[in-house]
Amino acid sequence: SLFGPRPYVGFEFEHWAPEERRLRATVRPGLSGISQTSGRSNLEVQDRIECDLRYVRECSLWLDCILVVRTLCAVIATRGTN
């Protein structure tokens, strides 16, 4: 999928509560999402989790349209890169 929470590797899930894991599993992973357009690697783990859960709760075509614009802006500005 184009938009949605990025896939997590195994050790990252240790930060997730069981209910958060269940919610996160209800959407397909994507190439870009709220956390990628809100600071990417500059965000703390808990902030990335909150962004991903926000996407799950607010998932809509409108949110995906907003993420198209925010993703382009983040790529152009190269925000959040190490």
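In case you missed it, the structure is sitting above this.
Per chain, the residues get numbers from 1 upward, laid out in the order the sequence is written. Predicted model: local features are reported for residues with pLDDT of at least 70 only, side-chain atom pairs are reported and counted for 80 or more only, and whole-chain, interface and lining totals are derived from all residues. No hydrogens and no water enter the side-chain calculation; it runs on all heavy atoms of the structure.

Student: Looking at this structure, I do not really get helix α4 (residues 61-77). What am I missing?
Tutor: Every α-helical turn comprises 3.6 residues, leaving residues that sit three or four positions apart pointing alike. In this model, α4 (17 residues) spans 24 Å end to end at C-alpha, consistent with the 24 Å of a helix rising 1.5 Å per residue. Accessibility here uses a 1.4 Å probe with only protein chains present; expressed as a share of the type maximum, an area under 20% marks a residue as buried, one over 50% as exposed, and anything in between as partly exposed. Each helix is a run of DSSP H or I of at least 4 residues and each strand a run of E of at least 2, with the numbering of both proceeding from the N terminus. Looking at α4, one finds that the buried residues are Leu63, Asp64, Leu67, Thr71 and Ala74. End-on view of α4: buried residues confined to an arc of 90°, all on one side of the axis. Seen from the buried face of α4, the exposed residues on the opposite side, beyond 90 degrees, are Trp62, Leu72 and Ile76. Any two residues having at least one pair of non-hydrogen atoms within 4.5 Å are treated as being in contact. At its buried positions, α4 is contacted by α2 (34-37) and α3 (45-58). Two residues or fewer past α4, threonine 78 is found with a positive phi of approximately 50°. Under the convention used throughout, the expected extent of a helix is 1.5 Å for every residue step, that is, one less than its residue count. What the arc measures is the spread of directions leading from the helix axis to the C-beta atoms.

Student: Looking at this structure, I do not really get the pattern of salt bridges. What am I missing?
Tutor: Oppositely charged side chains can form a pair if their charged atoms are brought close together. Definition used for salt bridges: Asp or Glu carboxyl oxygen within 4 Å of a side-chain nitrogen of Lys or Arg. As enumerated under the stated definition, the model contains two salt bridges in all. Salt-bridge contacts for arginine 22 lead to glutamate 19; the nearest nitrogen and oxygen are separated by 2.6 Å. Of the two residues, arginine 22 and glutamate 19 both sit in helix α1 (residues 18-24), three residues apart, roughly one turn of that helix. Take arginine 22: its relative accessible area is 46%, and that puts it in the partly exposed class. For arginine 54, the salt bridge identified is with glutamate 58, shortest N-O distance 3.2 Å. Here arginine 54 pairs with glutamate 58, and both are found in helix α3, just four residues apart, close to one helical turn. Assessed through its relative accessible area of 41%, glutamate 58 is described here as partly exposed.

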